[in-house]
Amino acid sequence: MDIFCKIINNEIPSYTLYEDEIVKVFLDVNPNHNGHTLIVPKKHYQDFFDIDSKTLEHIFKVAK
Ligand SMILES: [Zn+2]
């Protein structure tokens, strides 16, 4: 299982800023990207282009 799915499943602790049924928003724990915020869909997608447009729309709405 990849690191993002582990964070979504709470197998890896994260500092969650926002969460709903579609996405989880948390702080990037990677020290090279300190303070960066990640918005990750709860359903697993292979990459950005694999994400359906409805979910993508929601991600951008949350990002804004
Ligand atoms: Zn995954």
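Keep in mind it's a predicted model, so treat the numbers as computed, not measured.

A. How the structure looks around the sheet that holds strand 2 (residues 23-27). Taking strand neighbours across the sheet as the criterion, the 3 strands line up as 1-2-3 in an open arrangement whose pairing is antiparallel. Sheet topology places strand 1 (16-19) and strand 3 (37-41) at the edges, where each strand pairs with a single neighbour. Within this sheet the neighbouring strands show an average axis-to-axis angle of 15 degrees, counted without direction. Where helix 2 (residues 53-63) meets the sheet, it contacts strand 1, strand 2 and strand 3, and its direction lies at approximately 155 degrees from that of strand 3.

B. Fine view of the pattern of salt bridges. Taken as a whole and judged by the stated rule, the model has 2 salt bridges. For Glu19, the salt bridge identified is with Lys24, shortest N-O distance 3.9 Å. Judged by its relative accessible area of 2%, Lys24 is buried. One salt bridge in this structure joins Lys42 and Glu19, with 2.8 Å as the shortest N-O distance. Highlighted residues: Lys42 in the loop between strand 3 and helix 2 and Glu19 in strand 1, separated in sequence by 23 residues.

C. Spotlight on unusual backbone geometry. The phi dihedral of Asn10 falls on the positive side, at around 60 degrees, and the residue is not glycine. Relative to the helices and strands, Asn10 is located in the loop between helix 1 (3-8) and strand 1.

D. How the structure looks around the packing of aromatic side chains. Taken as a whole and assessed by the stated rule, the structure comprises 1 aromatic pair. With a centroid separation of 5.8 Å and an interplanar angle of 85 degrees, the aromatic rings of Phe48 and Phe49 are classed as edge-to-face. Take Phe48: its relative accessible area is 47%, and that puts it in the partly exposed class. Given the relative accessible area of 77%, Phe49 is considered exposed.

The rules behind each value
- Numbering of residues starts from 1 in every chain and runs along the sequence as written.
- Residue-level local features of this predicted model are given only where pLDDT is at least 70; pairs of side-chain atoms are given and counted only at 80 or more, and the full residue set underlies all totals for whole chains, interfaces and linings.
- Calculated side-chain values reflect all of the structure's heavy atoms, with hydrogen atoms and water omitted.
- Only strands joined by at least two bridges in the DSSP assignment are considered to pair.
- In this text, helices come from DSSP runs of H or I with a minimum length of four residues, and strands from runs of E with a minimum of two, each type numbered from the N-terminal end.
- Axis definition: a line fitted to C-alpha atoms, over the contacting stretch in the case of helices. Angles run 0 to 180 degrees between N-to-C directions.
- Every residue pair with non-hydrogen atoms within 4.5 Å of one another is taken to be in contact.
- Within this document, salt bridges are pairs made up of a side-chain nitrogen of Lys or Arg and a carboxyl oxygen of Asp or Glu, the two lying within 4 Å of each other.
- Partly exposed residues are those whose accessible area sits between 20% and 50% of the maximum for their type, while under 20% is buried and over 50% is exposed, using a 1.4 Å probe and protein chains only.
- Each Phe, Tyr or Trp ring, with Trp reduced to its six-membered ring, pairs with another whose centre is within 6.5 Å; inter-plane angles below 30 degrees give stacked pairs, above 60 give edge-to-face pairs, and intermediate values give tilted ones.

Just geometry here; none of it tells us what the structure is for.
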